Amino acid sequence: MTAIRLAEDHWAAVLHDHWGIRAELSRLDGEYDLNYRALTPDGQGYILKAMRPGCVSELVDMQIAALAHLQNTDPGLPVPRTVAASNGELCLSLQDDTGEDRLVWVQTLLPGRCYAKSAPKSAELIREIGATLAGTTRALKDFVHPSLERRFKWDLMTADWITDDITCIADDSRQQVIAEICADFSSLKSQLDAQPRQAIHNDANDYNILVTGELSEPRVVSGLIDLGDMCAAPRICDLAIAAAYVVLDHPQPQRALAALVSGYHAVTPLTEEELGLLWPLLRMRLAVSVVNSTLEAKENPDDHYVTISQEPAWRFLGQPSEHPALITARLRATCGLTVVDGADRVLAYLETHSGDFFPLMGRDLTGFPMGSLSVEESTWPQNPFDMPLAEAAEVGHEFSGANGANWWLGYYREPRLIYTAPAFRKGEYLASDRRTVHLAVDVFAPAGQSLHAPLAGEVQVVEDRANHLDYGGVVILKHHTDSGDAFYTLYGHLDPECCTRLSVGDKIAKGAPFCQLGTADQNGGWAPHVHFQLALSTEGIEADWPGVADPDDLALWTALCPNPAPLLNLSAAQVSYQPTDKSTVLAGRRAHFGGNLSLTYRDPVMLLRGWKHHLFDEWGRPYLDAYNNVPHVGHAHPRIQAAAADQLKRMNSNTRYLHPAQTAFAEKILSKMPDHLEVCFFVNSGTEANELALRLARAHTGAKGMVTPDHGYHGNTTGAIDISAYKFNAKGGVGPSGWVELVEVADDYRGTYGRDDPQCAQKYADLVDPAIAKLQASGHGVAGFIAETFPSVGGQIIPPKGYLPAVYEKIRAAGGICIADEVQTGLGRLGDYYFGFEHQGAAPDIVVLGKPIGNGHPLGVLVTTRAIADSFAQGPEFFSTFGGSTLSCRIGTEVLNIVDDEGLQENARQRGADLLNGLRDLQSRHQAIGDVRGMGLFIGVELIRTDGSEASEICAYVKNRMRDHRILIGSEGPKDNILKIRPPLTIDAEGIEMILKTLDSILSELSDS
Ligand SMILES: Cc1ncc(COP(=O)(O)O)c(C=O)c1O
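Report follows, based on the coordinates. Because the structure is a prediction, the values reported are computed rather than measured. (Residues numbered from 1 in each chain as written. Predicted model: local features only at pLDDT ≥ 70, side-chain atom pairs only at ≥ 80, totals over all residues. Heavy atoms only, no water.)

**Notes on the site of the ligand**
Point 1. In the region of the ligand, the neighbouring residues are Ser685, Gly686, Thr687, Asn690, Tyr713, His714, Gly715, Glu788, Asp821, Val823, Gln824 and Lys851.
Point 2. Between Tyr713 and the ligand, the recorded distance is 3.5 Å, taken from a backbone N or O atom to a nitrogen atom.
Point 3. A distance of 3.0 Å separates an oxygen atom of the ligand from a polar atom in the side chain of Lys851.
Point 4. For the shell around the ligand, the element with the most residues is helix 19 (residues 686-701), which contributes three residues.
Point 5. For the shell around the ligand, the residue count by class is two nonpolar, seven polar and three charged. (Near = heavy atom within 4 Å. Polar contact = N/O pair within 3.5 Å; in protein donor to acceptor, adjacent residues only side chain to side chain. Helix = DSSP H or I, 4+ residues; strand = E, 2+ residues; numbered from the N terminus. Nonpolar A, V, L, I, M, F, W, Y, C, P; charged D, E, K, R; others polar.)

Structure follows, in structure tokens:
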């Protein structure tokens, strides 16, 4: 410790004596050299670099010259400047604190933290790293220095030095991996040698890239530092080195690589040949790294860090990766280059000959109807996680006319939810990435229909893939253009009899009928059709072509498997699906709707389908819905659909006529209520029910004044807003009305009285006394008290037990009535209780229900005592046109029945307990969680800063990052710092695990930012 301090004092004195800079120094990590961060009292920052003893001056000179060159050529590049000493020199030879001579020089300090410690490692940030590196390469193009030509271990051109040292790796399989990498490298060496060389940075590792941007701010590359490993080499080596670190431990290494390369290519265009070298060079760099550190570990057996630091590289090299041909194809496609050699010629050939190909089905397909199975236009299958064979055999029958006799075509590039088998999922959860986008054109026609070869070909594959929902019979043909470029066509869902007739290598003449459409029994289970796909190469996919691609991977797959329309003598536009563009809808919304209709998320989601506690966007990407309480029994519940459809088939009218559905609904609701609540009023929303509650309270008491907790929300109409401090006190709100008195929310985490106070419930209740007194003094009197039983917008708060009965007692003593707004908390969500007031042991005079009771259908209900209803009945007729419509009553009853039949209250209890336990575990590990509270599936997670204050910025960050991971949650509270988790009651153990694991990893990012 003292030695370190002595050294720091020494270098601080050096900095002062020779550079005239007085600063506080702190040592930075460095392999051989001493690096100090120097901060002056006025906030200036510098890096003092004291090179290892014996370091040749040419090396420092090279760096200083290169920095000056970069500065002059492209002043916008984020590289440090060299600071001259007081005597004008840029580098001095000085003694260190032990008396050894070192070359010492000083740079400006760049802002930011190193990329290794920055999160999230988003595609945008990685693209910017590529662009920054490319800018440096461009600026260094004509930089020359004698030291660039030195020989050293980090020059990738001579990386094969490791071949002789491979035996230092003890593990045989690891040694084998390195041997293979070396073999690949040597097979490419001549190609590499032929690449032009120039000065390159040569060490853009994750500690040499600096990044700024906190929480939700965009991450920006703020520095590219340490030019000590510069050398002359092909620029692709520079990119390969950066790439080697960008892919390590990245959850989607191929996408990270593509982002890096596209950023680089946009600034300094790369060639196809360079891209072909990237993957092997990247692996070679990691191989050099692990061999080098293994050798170092042998020399320093006590330094365990050397071995630990190898682990990410070993993990990466050991994991199965995509075929290198596909990796290169993806990079080429990302850069807008031809995906494989000859691709442009094949496409031109197909375009030129379109119209002359033999009709696939022996007849002209032009004018055949298109049928969409898209996420947006189709409801196949009903459950997007399970396509039963009965549905598969019928898929699209609405397009096939009577008896399936008519023909129709299915779109290319169409996102579909019909691919439900686990093979289409790319992660562990139902909401993980999923392949949805169709890469072929389908021709639906009767089983037995012959298929003719559009042009001459040779059988490459003929197989029966008999698994459910696979291809059944499948044939792949290889073709050649006039100029000899190969391409391939695939025919899926065939009658497997073709397997008995055709063999690999058979020649098929143009127009020859070579196979036929299978029945559902033969073709994997589908309605008869052919999946007709084109591929420009089969390298890396061989016989196992993906017929469907991940929507976030379309650049590769639509380039490798382009639209086959020309081969069908059809126009590409006719068969290419165009999903509704999210940005068009957003623009329409901005044009036609008011500006205070808010949208969630910086990058809003467009959701088109749902099932239970999942939703799907326009590309079929699944999301776990952990936020929406309206779809109480789950999205798209078949029983709700059936009840609604059935009633709409019959009639839908209002409460002016008798209908058994109305009384049935009332009886079902009342069966859940305490006995003193006997009368139901049906309206259209929670708002309307609260508005009505105000009228009832006034009619019954003759008074006007209301007491209500602060930050409450009861609806959007004039009266409801007057009792909703969340709205009237919001920026631009109408402000308080004289007849409403606010009381502090009974928040025992952040409020005046805490959980540790045994009298806390009573103390919060006592706050009602002055409110009552004020209303009485002002002449408004006390009509009543209204509260969300568990305040939701106020921050998912569970008031201390006994709070409400104590309040109710005071209100009733003042002549008022007590209204429980159970819109958020009712109907089993709380698990242990059907309604929140049961937890409190309170007996409200009016209960208001909304949102979940219609599962999405607009429905509100007010339940009250006979006496209050009678007082109200003294006034004018009550009528709500749609309130209590036959349809609403059918749906409401069905919702309540489903909660019972499916045991959803019990599910809320169990899953809620799992979630709360998991969240409390996260709280013990993440400082940002100040409080975890809730009951059943009504949960709040309060996020705080280190000083305990409300962390709205962390909350916004976490909410948006959860969405990046396909989990929808909300945020709430007066300072918007409380995560609101409130899923449909169908959520299962998998969903809970996904929330917890994802939240854990996102909260871990906070320590990095
Ligand atoms: C507690 C509470 N009451 C009433 C309402 C108003 O319901 P609606 O929007 O259906 O009118 C809401 C809506 O969020 C609510 O949360």
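That covers the picture; the talk isn't over yet.
**Some words on empty space enclosed by the protein**
Point 1. Evaluated as defined, the whole model comprises two cavities of 30 Å³ or more.
Point 2. Taken as a whole, the largest cavity encloses approximately 60 Å³ of empty space.
Point 3. Along the walls of the largest cavity sit Pro709, Val745, Ala746, Ala787, Glu788, Thr789, Pro791, Pro799, Tyr803 and Leu804, which together make up its complete lining.
Point 4. Only strand 30 (782-788) and helix 24 (803-813) provide two or more residues apiece to the lining of the largest cavity.
Point 5. Broken down by class, the residue content of the lining of the largest cavity amounts to eight nonpolar, one polar and one charged.
Point 6. Quantified by volume, the second largest cavity comes out at close to 50 Å³.
Point 7. At the level of elements, strand 28 (705-709) and strand 30 are the ones that each hand at least two residues to the lining of the second largest cavity.
Point 8. The class makeup of the residues in the lining of the second largest cavity is four nonpolar, four polar and two charged. (1 Å grid on protein atoms, 1.4 Å probe; cavity = no way out; pocket = protein on both sides within 12 Å on 5 of 7 lines; lining within 4 Å. Points joined across faces, edges and corners; volume = space filled by probe spheres on them.)

**Looking at the sheet that holds strand 9 (residues 209-212)**
Point 1. As summarised here, the arrangement of the three strands in space is 7-9-10, forming an open sheet in which the pairing is antiparallel. The open sheet is flanked by strand 7 (113-114) and strand 10 (220-224), the only strands paired with a single partner.
Point 2. Bridge count for strand 9 against strand 10 is four bridges, and the pairing is antiparallel. Across the sheet, Val211 pairs through a bridge with Val221, a residue of strand 10.
Point 3. Along the sheet, helix 3 (residues 123-139) makes contact with strand 9 and strand 10, crossing strand 10 at roughly 35°. (Pairing = 2+ DSSP bridges. Contact = heavy atoms within 4.5 Å. Axes fitted to C-alpha atoms, helices over the stretch in contact; angles between N-to-C directions.)

**A look at the state of the cysteines**
Point 1. Counted under the stated rule, the structure contains zero disulfides.
Point 2. Cys182 supplies the cysteine sulfur nearest to Cys168, a cysteine that is in no disulfide, at a spacing of 11 Å.
Point 3. Unpaired in terms of disulfides, Cys889 finds its nearest cysteine sulfur in Cys680, a separation of 9.5 Å. (Disulfide = S-S within 2.5 Å.)

**A closer look at the packing of helix 7 (residues 272-299) against helix 10 (residues 324-334)**
Point 1. Closest axis-to-axis distance for the helix 7/helix 10 pair is 9 Å, and the angle between their directions is 135°. Of the possible angle classes, the one that applies to helix 7 and helix 10 is oblique. In this structure, the crossing between helix 7 and helix 10 has a hand that is right-handed. In contact with Glu272, Leu275, Gly276, Leu278 and Trp279 of helix 7, helix 10 contributes Pro324, Ile327, Thr328, Leu331 and Arg332. (Parallel < 35°, antiparallel > 145°, perpendicular 65-115°, else oblique. Left-handed = near helix turned anticlockwise from the far one by under 90°.)

**Here we look at helix 29 (residues 952-964)**
Point 1. For helix 29, spanning 13 residues, the distance from its first C-alpha to its last is 18 Å, which sits close to the expected 18 Å at 1.5 Å a residue.
Point 2. Those residues of helix 29 lying buried are Ile954, Cys955, Tyr957, Val958, Lys959, Asn960, Arg961, Met962 and Arg963.
Point 3. Remark: Arg966 follows helix 29 within two positions and exhibits a positive phi of approximately 70°. (Expected span 1.5 Å × (residues − 1). Buried < 20%, exposed > 50% of the residue type's maximum accessible area, 1.4 Å probe, protein only.)

**Remarks on the pairing of strand 24 (residues 607-611)**
Point 1. Where strand 24 meets strand 25 (residues 614-617), four bridges bridge the pair, whose relative direction is antiparallel. Across the sheet, Trp611 pairs through a bridge with His614, a residue of strand 25.
Point 2. In textbook terms, the turn of a hairpin is the stretch between consecutive antiparallel strands, and for strand 24 and strand 25 this stretch comprises two residues, one of which, Lys612, has a positive phi near 50°.

**What to know about the packing of aromatic side chains**
Point 1. Applying the stated criterion to the full structure yields 22 aromatic pairs.
Point 2. Look at Tyr349 and Phe487: their rings are 6.2 Å apart centre to centre, the planes differ by 50°, and that puts the pair in the tilted class. Taken together, the positions of Tyr349 in helix 11 (residues 343-353) and Phe487 in strand 19 (residues 486-494) put the pair 138 residues apart, joining distant regions of the chain.
Point 3. Its relative accessible area of 13% is what places Tyr349 among the buried residues.
Point 4. Ring plane angle 20° and centroid distance 4.9 Å describe the contact between Phe665 and Phe682, whose orientation is recorded as stacked. (Phe/Tyr/Trp six-rings, centres within 6.5 Å; stacked < 30°, edge-to-face > 60°.)

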